[in-house]
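Inside the fold
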Amino acid sequence: MREFNLLGEYPKLDQPRLVSNKKRTIINRIIASKRDKEFFDGDRENGYGGFIYDGRWRKIVKKIFDEYKLVSHSNLLQLNSEKGFFIYDLKKEYPKAKSIGLETSNYAVKNSVEEIKNNILKVDNYTKLEFKNNSFDFVLAIGVVYALNITDLINCIKEIQRVGKGKSFINLGSYESFEEYDLFKKWSLLGSTFLKKKEWIEVLNHCGYTGDYYFTNAKTLNLKYE
């Protein structure tokens, strides 16, 4: 188990993300919780503000194969696959690799990239995965764990550990000060569990997790008060 920034190749924003009491209110969170058109392709305060393919996953796909020593026919699983952009770039870069994306949103599944629709499975949750032990060479779960309550996130992490072969990556919502907590809480529409780094380590140890993790917080998201 190690802290590792797999997402370092993500495009960087030139300007900070501005946070205030007037933005992303409880109404926005209610709308976002449905994870339908308004969340993916509606107003920015309700979610992505237009979730379109931009090829950002191609570098990360290559980094995954290099870092985790995967081969052309490796078997990968993504939780929270959304419209399948990662799976699509994976197929383009490594056409012989096997890949499955799991997604809870009917809208995202319906609007996933046409070429990989058969790779995306609609599921009710990420706490009980219908796969045998050690089914996948690598498991990716971004924006999944900290969106769950403590009971469900523990089950989710255990399932990631169970179906994978010890090679996985998850991100965790964290803070170290009240200001960091306040910024992240005001920004995150679907986040449920924000913990300090040492608390997350305790959770991961409890779950017997052996994969990689990265802390997502006010600093990594470049959040600032308006």
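Provided above is the structure to which this section pertains.
Now for a description of the structure that goes with this document.

Attention now moves to the overall build of the protein chain. On a plain count of helices and strands, the protein chain comes out with 8 helices and 9 strands. In terms of overall size, the protein chain behaves like a compact globule, its C-alpha atoms giving a radius of gyration of 17 Å where 226 residues would be expected to give roughly 17 Å. Dimensions along the principal axes, computed over C-alpha positions, put the protein chain at roughly 50 × 40 × 35 Å. Out of the 226 residues belonging to the protein chain, those deemed buried represent 51%. For the protein chain, contacts bridging at least 24 residues in sequence account for 73% of all contacts bridging at least 6.

In this section: helix α8 (residues 197-207). Restricting attention to buried positions, one finds in α8 the residues Trp200, Val203, Leu204 and Cys207. When α8 is viewed along its axis, its buried side chains cluster within an angular range of 95° and face the same direction. Of the residues in α8, the exposed ones pointing more than 90 degrees away from the buried face are Lys198, Glu202 and His206. Elements that come into contact with the buried residues of α8 comprise α6 (150-163), β7 (168-173) and β8 (212-216). Positive phi appears at glycine 208, one or two residues downstream of α8, with a value of about 70°.

Here we come to unusual backbone geometry. Positive phi is not limited to glycine here, since arginine 24 has a value of about 50°. Tracing the backbone shows arginine 24 in the loop between β2 (17-19) and α1 (26-33). Positive phi is not limited to glycine here, since arginine 35 has a value of about 50°. Residue placement: arginine 35 occurs in the loop between α1 and α2 (37-41).

Below, the discussion takes up the pairing of strand β6 (residues 138-141). Along β6, one buried face is formed by Phe138 and Leu140 and the opposite face, lined by Val139 and Ala141, is buried too. Across 4 bridges, strand β3 (residues 75-79) lies against β6 in parallel orientation. Residue leucine 79 lies in a different strand from β6, and its bridge partner there is alanine 141. Across 3 bridges, β6 lies against β7 in parallel orientation. Among the inter-strand pairings, alanine 141 is bridged to a residue of β7, identified as isoleucine 170.

Scoring rules and cut-offs
Residues numbered from 1 in each chain as written. Predicted model: local features only at pLDDT ≥ 70, side-chain atom pairs only at ≥ 80, totals over all residues. Heavy atoms only, no water. Helix = DSSP H or I, 4+ residues; strand = E, 2+ residues; numbered from the N terminus. Rg over C-alpha atoms; globule rule 2.2 N^0.38 Å. Buried < 20%, exposed > 50% of the residue type's maximum accessible area, 1.4 Å probe, protein only. Contact = heavy atoms within 4.5 Å. Arc of directions from axis to C-beta. Pairing = 2+ DSSP bridges.

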